[in-house]
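Chains, contacts and geometry: an overview
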Amino acid sequence: MKNILVLCTGNSCRSQMAHGYLNHFCNQKATIFSAGIETHGVNPRAIAIMKADNIDIAHHSSNLVTEYDNISFDYIITVCDHANENCPFIPSKKAVRIHQNFFDPSKVVGSEKEIHQAFTKARNEIKNFCENFVAKNLS
């Protein structure tokens, strides 16, 4: 069983969506963890936009990367530039590190429609990335 860590700054939105999709697409071929270099709580809009695609992340928690110091990861995926540049060293000798920056929909200011569109766009990009990652690395 592979261990995959998804990292973001606050572990509230993009990493949570990726965590949900990786769980879905991996179909129990891997154990998925998500964490941040800070914790901001799981974003309610991320929960809602994932639910609209039948993925439930309401039970997820926002965790610090240091909570997983004792786990040996096969893959570490950073989903934002800030986490990629500021993440503390993770002592996982065999981990393949992958970086894919996704824009942060939680930073979008505008109407409810514009915010919803931003979350939909981010979700769809993350979904596509996760589906391709699993097909390429866990098939």
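A short tour of the structure in this document, coming up. (Residues numbered from 1 in each chain as written. Predicted model: local features only at pLDDT ≥ 70, side-chain atom pairs only at ≥ 80, totals over all residues. Heavy atoms only, no water.)

A few points about the overall build of the protein chain
The test is simple: Runs of E in the DSSP output that reach at least two residues are strands. Runs of H or I that reach at least four are helices, and both are numbered from the N terminus. Radius of gyration here is computed from C-alpha atoms only, and the compact-globule reference equals 2.2 Å multiplied by the residue count raised to the power 0.38. Only heavy atoms enter the contact rule, under which two residues are in contact if any of them lie within 4.5 Å. The method behind every accessible area is Shrake-Rupley, applied with a 1.4 Å probe, and residues are considered shielded solely by the protein chains displayed. Under this rule, positive means Lys or Arg and negative means Asp or Glu; His and the chain ends count for nothing. Charged groups are reduced to one reference atom each: NZ for lysine, CZ for arginine, CG for aspartic acid, CD for glutamic acid.
A tally of regular secondary structure across the protein chain gives four helices and four strands. Starting at the N terminus and ending at the C terminus, the protein chain contains elements arranged as β-α-β-α-β-α-β-α. Computed over C-alpha atoms, the radius of gyration of the protein chain comes to 14 Å, within 12% of the 14 Å expected from 2.2 N^0.38 for 139 residues, which places it in the range of a compact globule. By principal-axis analysis of the C-alpha atoms, the protein chain measures approximately 45 × 30 × 25 Å. Pairs at least 24 apart in sequence give 71% of the contacts found in the protein chain among residues at least 6 apart. Accessible area for the protein chain stands at about 7,300 Å²; split by element, carbon and sulfur atoms hold 48% of it. One way to put it: in the protein chain the 14 positive side-chain charges average out to a point 6 Å from where the 13 negative ones average out.

Describing the packing of helix H2 (residues 44–51) against helix H4 (residues 112–137)
Cut-off, in case you're wondering: Axis definition: a line fitted to C-alpha atoms, limited for helices to the stretch in contact. Angles are taken between N-to-C directions and run from 0 to 180 degrees. Angles below 35 degrees are treated as roughly parallel, those above 145 as roughly antiparallel, those between 65 and 115 as roughly perpendicular, and all remaining angles as oblique. Note on convention: near helix rotated counterclockwise from far helix by under a right angle means a left-handed crossing. Clockwise means right-handed.
Viewed as axis vectors pointing N to C, H2 and H4 meet at an angle of 65°, and their least axial separation amounts to 10 Å. Accordingly, the angle class assigned to the pair H2 and H4 is roughly perpendicular. Note on packing geometry: the crossing formed by H2 with H4 is right-handed. Residue-level contacts link Arg45, Ala46, Ile49 and Met50 of H2 to Glu112, Ile115, His116, Phe119, Thr120 and Arg123 of H4.

Focus on the nonpolar core
Note the following rule: For the purposes of this section, nonpolar cores are sets of buried Ala, Val, Leu, Ile, Met, Phe, Trp, Tyr and Cys residues that join through side-chain atoms within 4.5 Å. In this scheme, a residue with accessible area under 20% of its type's maximum is buried, one over 50% is exposed, and one in between is partly exposed, where area comes from a 1.4 Å probe on protein chains only.
If you look at the biggest cluster of nonpolar residues, it comprises 32 residues, and the most contacted ones within it are Ile4, Met17, Leu22, Cys130, Phe133 and Leu138. Of all elements in the fold, only strand S1 (2–8), helix H1 (14–26), strand S2 (30–36), H2, strand S3 (75–78) and H4 reach the threshold of two or more residues within this core. The greatest single-element share of this core, amounting to eight residues, is contributed by H4. With near-sequence residues (within four places) excluded, Cys130 lies in contact with Ala18, Tyr21, Leu22 and Phe25. Listed in part, the 10 residues of the second largest apolar core include Phe33, Ala35, Val65 and Ile71.

Here we look at the packing of aromatic side chains
Given two aromatic rings, their pairing is described by the distance between the two centres and the angle made by the two planes. Definition in use: For Phe, Tyr and Trp, where Trp contributes only its six-membered ring, two rings pair if their centres lie within 6.5 Å, and the inter-plane angle classes them as stacked under 30 degrees, edge-to-face over 60, or tilted in between.
Within this structure, the stated rule accounts for six aromatic pairs. Between Phe129 and Phe133 the ring centres are 6.4 Å apart and the planes differ by 20°, which places this aromatic pair in the stacked class. Pair noted here: Phe129 and Phe133 are both in helix H4, with a separation of four residues, about one helical turn. A connected cluster of aromatic rings, assembled from ring pairs, spans Tyr75, Phe102, Phe129 and Phe133.

Shape is all these values report; function is a separate question.
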